[in-house]
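Listed below are the residues making up each chain.
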Amino acid sequence: MNTTQLSFAEVEKIFATTEGHFLDFKAKAIEPAKLIRSIPAFSNADGGELSDS
């Protein structure tokens, strides 16, 4: 798995963002079965982002 170093400003921006209709944070250790439920939810709405935290 590749990792990316984030700047302090990028980390602040992520923590200032709230989950909602277009954004859902997921842990890296999420079970695939649970992730499979989240992806169709976005495609059934207006799209969005899944972000690991």
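Each chain carries its own residue numbering, running from 1 in the written order of its sequence. Under the rules for a predicted model, residues below a pLDDT of 70 receive no local features and side-chain atom pairs below 80 are neither given nor counted, while totals for whole chains, interfaces and linings still include all residues. Side-chain numbers here rest on the full set of heavy atoms in the structure, without hydrogens or water.

Student: Any chance you could explain the overall build of the protein chain here in plain terms?
Tutor: For the protein chain, the count of helices and strands is 2 helices and 2 strands. Listing the helices and strands of the protein chain from first to last along the sequence gives α-β-α-β. We call a residue buried when its accessible area falls under 20% of the maximum for its residue type, exposed when it is over 50%, and partly exposed in between, using a 1.4 Å probe and counting protein chains only. Taken across its 53 residues, the protein chain has 11% of its residues classed as buried. Contacts: residue pairs with any heavy atoms within 4.5 Å of one another. Within the protein chain, contacts between residues at least 6 apart in sequence are counted, and of these 55% link residues at least 24 apart. To be clear on the numbers: accessible area is Shrake-Rupley with a 1.4 Å probe, and residue cover counts the displayed protein chains and nothing else. Counting every atom, the protein chain has about 4600 Å² of accessible surface; 56% of that belongs to carbon and sulfur. Under the scheme used here, helices are H or I runs from DSSP no shorter than 4 residues and strands are E runs no shorter than 2 residues, and both carry numbers assigned from the N terminus.

Student: Even after reading the chapter, I still don't get a nonpolar patch on the surface, so can you show me in this structure?
Tutor: On the surface, a cluster of nonpolar side chains totalling about 320 Å² of accessible area is made up of Leu-6, Ile-14 and Phe-15. For Phe-15, the location among the structural elements is in helix H1 (residues 8-16). Patch construction takes residues with relative accessible area above 30% that form no salt bridge. Like charges are linked within 9 Å, and nonpolar side chains (Val, Leu, Ile, Met, Phe, Trp, Tyr) are linked within 5 Å. Throughout this description, the term salt bridge denotes a Lys or Arg side-chain nitrogen within 4 Å of a carboxyl oxygen of Asp or Glu.

Student: Looking at this model, I keep getting lost on the environment of Ile-14. Mind explaining?
Tutor: You can see Ile-14 is positioned in helix H1. Note on Ile-14: relative accessible area 33%, which makes it partly exposed. Considering only alpha carbons, one finds Ile-14 and Phe-25, 11 residues apart in sequence, at a separation of 9.8 Å.

Student: Even after reading the chapter, I still don't get the confidence of the model for the protein chain, so can you show me in this structure?
Tutor: Segments scoring low in pLDDT should not have their predicted coordinates read at a detailed level. On a scale of 0 to 100, pLDDT captures the predictor's confidence in every residue. Mean pLDDT over the protein chain: 75, with 66% of residues reaching 70 or higher. Mean pLDDT values for the elements of the protein chain range from 60 in strand E2 (residues 49-52) up to 89 in H1.

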